[in-house]
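Structural overview for review
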Amino acid sequence: MAASEENSALFPIFILTIMALPLVPYTMVQLCHAASKKPRIINCQCSACCRSGKYRKSIFKKISNFSTCSNLTLMLLWVIMGILVYYIKHISQEIQVFEPFNILGLEPGASEADIKKSYRRLSIQYHPDKNPDPEANKYFVEYISKAYQALTDPIARENYEKYGHPDGRQGLRMGIALPQFLLNIDGASGGILLLGIVGVCIILPLMLAVIYLSRSSKYTGNYVMHQTLSAYYYLMKPSLAPSKVMDVFIKAAEYMEIPVRRGDAEPLQKLFMLVRSELNLDLKNIKQEQAKFWKQHPALVKTELLVQAQLTRESAALSPALQADLRRVLQLAPRLLEELMKMAVVPRTSQGHGWLRPAIGVVELSQNIIQAVPFSARKSAGGSSEGIASFLQLPHFREATVKRIVRKKVRTFQDLLDMTPQERAELLTQVAGFSDAESRDVEMVLNVMPSIAIDITCETEGEDGIQEGDIVTMHAWLTLKRGNGLVGALPHAPYYPFHKEENFWLLLADPASNDVWLSQKVSFMDEAAAIAAVSKSIQESKEGSGLSTKEINKAIREAVDRVQNGSRLVTGKFQAPAEGNYSLTSYCLCDSWIGCDKKTGLKLRVCKRSRAGTRAGAVVEEGPDVEDVAEEEVEEEEVGDDYESEYSEDEEGEKDLKTKNGAAVNGVVHGNGSSSGSEGSGSEDD
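- Going by the annotation in an unreviewed UniProt entry, the name recorded for the protein chain is J domain-containing protein, with Nepenthes gracilis given as the source organism.
- Among the UniProt annotations of the protein chain, the heading Subcellular location (unreviewed entry) holds the following wording: "Endoplasmic reticulum membrane".
- As recorded by UniProt, the Subunit (unreviewed entry) comment attached to the protein chain reads in full: "Interacts with OEP61/TPR7."

**A word on the overall build of the protein chain**
- Scanning the protein chain from N- to C-terminus turns up 25 helices and twelve strands.
- When each of the 686 residues of the protein chain is scored for burial, the buried share is 43%.
- Long-range pairs, those at least 24 residues apart, make up 70% of the contacts in the protein chain between residues at least 6 apart in sequence.
- Accessible surface, the protein chain: about 36700 Å² in total, of which carbon and sulfur atoms supply 55%.

**A closer look at the packing of helix H17 (residues 320-345) against helix H18 (residues 356-371)**
- The geometry of H17 relative to H18 is characterised by a closest axis approach of 9 Å and an angle of 165 degrees between their N-to-C directions. The orientation of H17 with respect to H18, classified from their angle, is roughly antiparallel. Seen along the crossing, H17 lies across H18 with a hand that is left-handed. Contacts from Leu330, Leu337, Leu340, Met341, Ala344 and Val345 in H17 reach Pro358, Ala359, Val362, Val363, Leu365, Ser366 and Ile369 in H18.
- Residue composition of the contact of H17 with H18, by class: twelve nonpolar, one polar and no charged.

**Considerations on the UniProt feature "transmembrane region" (unreviewed entry) in the protein chain**
- Following the UniProt record, one finds the feature "transmembrane region" (unreviewed entry) at residues 12-32, 66-88 and 192-213.
- As a span, residues 12-32 carries 100% helix and 0% strand, and end to end its C-alpha atoms are 29 Å apart.

**Notes on helix H25 (residues 549-564)**
- If you check H25, its first and last C-alpha atoms are 22 Å apart, about what 16 residues at 1.5 Å a residue would give, namely 22 Å.
- Along H25, the residues classified as buried are Ile552, Ala555, Ile556, Ala559, Val560 and Val563. Angular distribution of buried residues about the axis of H25 spans 140 degrees; they occupy a single face of the element. Exposed side of H25, more than 90 degrees from the buried face: Lys550 and Arg557 are the residues found there.
- Turning to H25, the residues buried within the fold contact strand E3 (471-481), helix H24 (527-543) and strand E6 (567-575).
- Where H25 terminates, the next one or two residues include glycine 566, which has phi positive at roughly 105 degrees.

**Here we look at the environment of glutamine 331**
- By secondary structure assignment, the location of glutamine 331 is in helix H17.
- Along the chain, glutamine 331 and phenylalanine 498 lie 167 residues apart, while their C-alpha atoms are 7.1 Å from each other.
- If near-sequence neighbours (up to four positions away) are discounted, glutamine 331 is found in contact with Tyr496 and Phe498.

**Some words on the environment of lysine 138**
- Position of lysine 138 relative to the elements: it lies in helix H7 (residues 134-152).
- For the pair lysine 138 and proline 128, spaced ten residues apart in sequence, the C-alpha separation works out to 9.0 Å.

**Let's talk about unusual backbone geometry**
- Its identity is not glycine, yet tyrosine 223 carries a phi of approximately 60 degrees, on the positive side.
- By secondary structure assignment, the location of tyrosine 223 is in the loop between helix H10 (188-218) and helix H11 (226-235).
- A positive phi angle, near 65 degrees, is found at lysine 409, a position not held by glycine.
- Along the chain, lysine 409 turns up in the loop between helix H20 (399-406) and helix H21 (413-418).
- A relative accessible area of 69% means that lysine 409 is categorised as exposed.

**Brief notes about the pattern of salt bridges**
- The tally for this structure, following the rule as stated, stands at 13 salt bridges.
- Of the charged contacts, one joins aspartate 264 and arginine 261 as a salt bridge, the two residues approaching to 3.2 Å between their closest N and O atoms.
- The class of arginine 261 is partly exposed, set by a relative accessible area of 33%.
- A salt bridge links lysine 302 to aspartate 264; the nearest nitrogen and oxygen atoms lie 2.9 Å apart. With lysine 302 in helix H16 (residues 298-311) and aspartate 264 in the loop between helix H13 (253-256) and helix H14 (265-275), the pair connects residues that are 38 residues apart, well separated along the chain. Across the pair, aspartate 264 and lysine 302 agree in class, each one buried.
- One connected set of salt bridges, linked through shared partners, spans Arg261, Asp264, Lys302 and Asp325.

**A word on the packing of helix H12 (residues 242-249) against H17**
- One can describe the packing of H12 onto H17 by two numbers: an axis separation of 11 Å at closest approach and a directional angle of 115 degrees. Judged by the inter-axis angle, H12 sits roughly perpendicular to H17. As H12 packs across H17, the resulting crossing turns out to be right-handed. Taken together, the residues of H17 that come into contact with H12 (itself represented by Val245, Val248 and Phe249) are Ala333, Leu336, Leu337 and Leu340.
- Taken together, the residues of the contact of H12 with H17 sort by class into seven nonpolar, no polar and no charged.

**Topic: the nonpolar core**
- Within the largest apolar cluster, 62 residues are counted, with the highest numbers of intra-cluster contacts made by Leu394, Phe397, Leu416, Met474, Leu478, Phe504 and Phe524.
- Core analysis: the second largest hydrophobic core is formed by 60 residues, Leu271, Leu279, Leu365 and Trp505 among them.

**Details of the side chain of histidine 492**
- Note that histidine 492 resides in the loop between E3 and strand E4 (504-510).
- Accessibility expressed as a relative area gives 1% for histidine 492, which makes it buried.
- At 3.2 Å, the side chain of histidine 492 forms a polar contact with the backbone oxygen of glutamine 393.
- Among residues more than four places away in sequence, those in contact with histidine 492 are Cys44, Cys46, Ala48, Cys49, Gln371, Gln393, Leu394, Pro395, Val445 and Trp593.

**Considerations on the packing of aromatic side chains**
- By the definition in use, this model includes 15 aromatic pairs.
- Aromatic pair tryptophan 517 and tyrosine 582: ring centres 5.7 Å apart, planes at 70 degrees, arrangement edge-to-face. With tryptophan 517 in strand E5 (residues 515-522) and tyrosine 582 in strand E7 (residues 580-590), this pair connects stretches of sequence that are 65 residues apart.
- On the basis of relative accessible area, tryptophan 517 is assigned to the buried category, the value being 8%.
- Among the residues examined, tyrosine 582 registers a relative accessible area of 17% and is labelled buried.
- Each member of the aromatic cluster is reached from another via a ring pair, and the members are Phe391, Phe397, Phe413 and Phe434.

Rules and cut-offs
- For every chain, the first residue of the written sequence is number 1, and numbering continues from 1 along that sequence.
- With pLDDT at 70 or above as the cut-off, local features in this predicted model cover only qualifying residues; side-chain atom pairs require 80 or more to be listed or tallied, and sums for whole chains, interfaces and linings still use all residues.
- Values shown for side chains rest on all heavy atoms present in the structure; no hydrogens or waters enter the calculation.
- UniProt positions are given in the numbering used here, feature names are shortened, and annotations may be inferred rather than shown by experiment.
- Helix numbers and strand numbers start at the N terminus; a helix is a DSSP run of H or I with at least 4 residues, a strand a run of E with at least 2.
- Remark: exposure states derive from per-residue accessible area (1.4 Å probe, protein chains only) relative to the maximum for the residue type, with buried under 20%, exposed over 50%, and partly exposed in between.
- The contact definition used throughout considers only heavy atoms, calling two residues in contact when any of these lie within 4.5 Å.
- To measure how exposed things are, a 1.4 Å probe is used in the Shrake-Rupley method; for residues, cover is taken only from the protein chains shown.
- Axis angles are defined between N-to-C directions and span 0 to 180 degrees, where every axis is a line fitted to C-alpha atoms and, for a helix, only to the segment in contact.
- Roughly parallel refers to an angle under 35 degrees, roughly antiparallel to one over 145, roughly perpendicular to one between 65 and 115, and oblique to any angle outside these ranges.
- Helix crossings get a hand from a simple test, with the near helix turned counterclockwise from the far one by less than a right angle marking a left-handed crossing and a clockwise turn marking a right-handed one.
- Lys, Arg, Asp and Glu make up the charged group, whereas Ala, Val, Leu, Ile, Met, Phe, Trp, Tyr, Cys and Pro make up the nonpolar group; the residues left over, Gly among them, are polar.
- To estimate the expected span of a helix, count its residues, drop one, and scale the result by 1.5 Å.
- Here the arc refers to the directions that run from the helix axis out to each C-beta atom.
- Basic side-chain nitrogens of Lys or Arg form a salt bridge, by our definition, when they fall within 4 Å of a carboxyl oxygen of Asp or Glu.
- Put simply, buried Ala, Val, Leu, Ile, Met, Phe, Trp, Tyr and Cys residues joined by side-chain atoms within 4.5 Å make one nonpolar core.
- What qualifies as a polar contact is a pair of N or O atoms within 3.5 Å, subject to a donor-acceptor requirement within protein and to the restriction that residues adjacent in sequence count only when both atoms come from side chains.
- Note on aromatic contacts: the rings of Phe and Tyr and the six-membered ring of Trp form a pair at centre separations within 6.5 Å, being stacked when their planes are under 30 degrees apart, edge-to-face when over 60 apart, and tilted otherwise.

This is the structure:
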């Protein structure tokens, strides 16, 4: 009986050991990480963002921040471990080990007379003839009688004193760490054991496999449905105007699953009247256009109206049910827009190029959703040549505010940025009528806004020139500066109800042909990942150049220093096209801020093939011998020609931005990012 009790006690001890082995070290690591983590304020501290509540550190917010899935699981496991410890301690007290002296109430080494005296005393108390209680009878037979026999028999007593057991030396005894009812394979418990083995070894893995396969067949790695990617791919067109990007964006399968209730009809009708001017309806045939709009799928109508409510800042007028639907739409928007951007720049042409115009439209849509600015604000209006969208993202700014400051010749957002803080404060307080607190809010947001500089190098590794068919490597350093000194920060977005990190898209494109040659997403939030990536990239590029290990390490250290100072390295490769001159432009587009985009223009000359074959696995036919020539010219660019957008007016000839001309050396093309931001967002209306 003692053996069975010990086996029953082994099971919780076994479970406790298995849980403690990974749980204790993991908890220590988490505690050390939490103790060493230095809290940094990277979100906007203006009054508008504070009123939004998404950064408020209330007790409920702290609980929700702590109540992550991993933290709750960790706490639950520790609670289970505590229960197991208490249970093991409790059953260890209940299990009575066979100790003859303790059973008879004697000290070890007692005399035979004392043993007989104690036995007679206990017999009077527990003997069946004296005590009719069944428990007393059981205790007398199993414990008292055996203890007396073990101590009165000379051989048994000697064995007990020498080996700790009346029967003498005991062999090795092993137990199974399972509950006793599972060890009894007779009767019903045998079926329970069989069902447990089948369930754990067969049914549970099959269920997990089915769940995983069903989810993986429906969603991509970015938690976007495959059906959404298919729709985005086939609806994307090379000449897709920014106003039409919205029509593609709302056709996501995730939005089609948003419920359309009967009670939504009247609120949506009211919302339609509020945002009708933003829906690109033909005013000449307004009745037909309205009827056509309402004939669409109800989910599409609802999603588009909710997005327009966000852009026009009319979400406060929505019913609680529609506000919950709007939060769902906005929560899905960033990753859907990211996939839509990938569908725009995915290789489509025979040269493996994506499309520039729809890519810019996707970024514009992302900027407008995050900042809650309508598309109409990108048109030239209110006396501003580039539109008022960039101004409206600032706190306390309205269209009337822009009209007032335009009278003081602040016609572009860049003009406002170029002013000193004192000049801005005087302008906002004296002209715009802002209070000192409102003026400080504007200054605070301007200090959070990023300023990007681009430095690009294009070269053919190991060769002196760029010829058709060569594999050209692009190295681009993006350097971010802010007025508050931070590198990674959350954007000012009081109307967007969720945390949103800044992301930048670097595009190397040919605006004339609408082709995107290279594209890559860049983030300034994770410095450790950037350091690891730049170290690997520099090491791979320098190892083939014949440099020593010391020189390679020096180059890596210099690159790491640049990363720590707010720079990110972007590398990419493309195959040089046919012979000719190409006017390329590198765009750095921010998905969260309006007016912070930068571009750098350069001209690339590709010569005829004079080298046999090509590098990096590409095969090109031999061509006649010509001189290796590659030159780079950064041509004059007009501010209004940043990139095409339907919502910007034609401003050719108003203002030219001149950049330095560089000369190509050894087939290397350099372009310095000194061009203006793309606040104007284009040159032509569609």
